[in-house]
Amino acid sequence: PKFSTSRTVDTYGAVWHLTFHSLPSFDQEFSRDKSLPILFIGTLASLLLCALAFMQARSRRQALIIADHAAEQLLAQQKFALHIQQTPLAVIEWNEHLRVTTWNPAAEKIFGYTAEEAIGSPIACMFPENARDDRTNEVLAMGRDAWKMIGRTPSYIVAVRPLRKGAITDFEVTQEMIRLLLK
């Protein structure tokens with residue numbers, strides 16, 4: 001044979017004797033002019049395969065990281081949704097058109113509207129205004145008339161938003177209580 005090589009390899013306690021010989025048909029067709037381009041193409045193909053294997057391993061790692069991140073986000077969203085549903089505080093969200101998009105059970109208890117009634121409604125409709133005299137508790141105006149009075153009345157006339165069933169809640173006092181509890 002034109003090409004022949006032998007090696008001895010000691011691997012994990014076993015000794016291997018390796019011998020490689022070229023086939024007679026290869027010896028007849030081999031020319032040095034053809035060997036360099038074949039070697040170059042083989043080397044290039046090996047490098048490309050290594051690069052593809054590396055890219056696939058990297059993209060798999062990235063996909064696993066993205067999947068873990070998505071799972072964490074989903075869990076966080078589920079926890080947040082549970083907090084919204086179980087909090088004793090009213091949670092109301094609205095969109096850019098000022099229409100209610102979220103109305104939790106506490107909002108139902110506090111304001112008297114069910115979620116079905118509130119969601120999709122303009123936020124202003126949930127809280128009709130009235131203006132009353134602080135000295136006499138007499139209601140002086142309601143609705144648009146009360147709205148027009150805001151900022152144009154003496155300090156003893158206050159615009160108030162009664163709840164659905166007419167109960168009046170002082171949210172400024174509630175806010176102050178929450179602030180004191182959080183300190």
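Residues numbered from 1 in each chain as written. Predicted model: local features only at pLDDT ≥ 70, side-chain atom pairs only at ≥ 80, totals over all residues. Heavy atoms only, no water.

Draft legend 1. Quick look at the overall build of the protein. When helices and strands are tallied, the protein shows 6 helices and 7 strands. Each helix and strand of the protein, placed in order from N terminus to C terminus, yields the pattern β-β-α-α-β-β-α-α-β-β-α-β-α. Put simply, the protein has 183 residues, and 16% of those count as buried. In the protein, the share of contacts with a sequence separation of at least 24, taken over all contacts with a separation of at least 6, comes to 28%. Summing over all exposed atoms, the protein offers an accessible surface of approximately 15,000 Å²; the carbon and sulfur share of this is 62%. (Helix = DSSP H or I, 4+ residues; strand = E, 2+ residues; numbered from the N terminus. Buried < 20%, exposed > 50% of the residue type's maximum accessible area, 1.4 Å probe, protein only. Contact = heavy atoms within 4.5 Å. Areas by Shrake-Rupley, 256 points an atom, 1.4 Å probe, with all protein chains shown as cover.)

Draft legend 2. Representation of the packing of aromatic side chains in the model. This model, assessed by the stated rule, comprises 1 aromatic pair. Measuring from ring centre to ring centre gives 6.5 Å for W103 and Y113, while their planes differ by 80 degrees; the resulting arrangement is edge-to-face. Of the two residues, W103 is situated in strand 4 (residues 100–103) and Y113 in the loop between helix 3 (105–111) and helix 4 (115–118); the sequence distance between them amounts to 10 residues. The residues W103 and Y113 share a single accessibility class, namely buried. (Phe/Tyr/Trp six-rings, centres within 6.5 Å; stacked < 30°, edge-to-face > 60°.)

Draft legend 3. Just the pairing of strand 1 (residues 4–11), in detail. With 0 of 8 residues buried, strand 1 lies mostly on the surface of the structure. Turn length for the strand 1-strand 2 (residues 14–21) hairpin, with the two strands adjacent in sequence and antiparallel, is 2 residues, and the turn residue Y12 shows positive phi of about 50 degrees. (Pairing = 2+ DSSP bridges.)

Draft legend 4. Here's a closer look at the nonpolar core. In terms of nonpolar packing, the biggest core is built from 9 residues, these being I92, V100, W103, A107, F111, Y113, A115, A118 and I123. Taken together, the elements giving at least two residues each to this core come down to strand 4, helix 3 and helix 4. (Core = buried A, V, L, I, M, F, W, Y, C linked by side-chain atoms within 4.5 Å.)

Draft legend 5. Expanded view of the environment of I119. Structurally, I119 can be placed in the loop between helix 4 and strand 5 (130–133). Between the alpha carbons of I119 and W94 there is a distance of 8.8 Å; along the sequence they are 25 residues apart.

Draft legend 6. Spatial organisation of unusual backbone geometry. If you check the backbone angles, Y12 has positive phi at about 50 degrees while not being a glycine. With respect to the helices and strands, Y12 occurs in the loop between strand 1 and strand 2. Phi angles above zero are rare outside glycine, and L98 is one such case at about 60 degrees. Tracing the backbone through its elements, the reader meets L98 in the loop between strand 3 (92–94) and strand 4.

Draft legend 7. Looking closely at the environment of F20. Counting through the fold element by element, F20 comes out in strand 2. In this structure F20 touches F3, S4 and T5, once residues within four positions along its chain are discounted.

Draft legend 8. Geometry of the pairing of strand 2. Across 8 bridges, strand 1 lies against strand 2 in antiparallel orientation. Looking across to strand 2, one finds that S6 is bridged to T19.

Draft legend 9. Structural context of the confidence of the model for the protein. Residue-level pLDDT values for the protein average 80, and 70% of them are 70 or greater. The spread of mean pLDDT over the elements of the protein runs between strand 5, the lowest at 62, and strand 4, the highest at 92. (pLDDT = per-residue confidence, 0-100.)

Draft legend 10. Structural detail: a nonpolar patch on the surface. Residues V9, W16, L18 and F20 make up a contiguous nonpolar surface patch of roughly 380 Å² in combined accessible area. No other element matches the 3 residues that strand 2 contributes to the nonpolar patch. Along the chain, L18 falls in strand 2. (Patch = residues over 30% accessible without salt bridge, like charges linked within 9 Å, V, L, I, M, F, W, Y side chains within 5 Å. Salt bridge = Lys/Arg side-chain N within 4 Å of Asp/Glu carboxyl O.)

Draft legend 11. Up close: the side chain of S121. Relative to the assigned elements, S121 resides in the loop between helix 4 and strand 5. Of the polar contacts made by the side chain of S121, one reaches the backbone oxygen of E117; its length is 2.8 Å. (Polar contact = N/O pair within 3.5 Å; in protein donor to acceptor, adjacent residues only side chain to side chain.)

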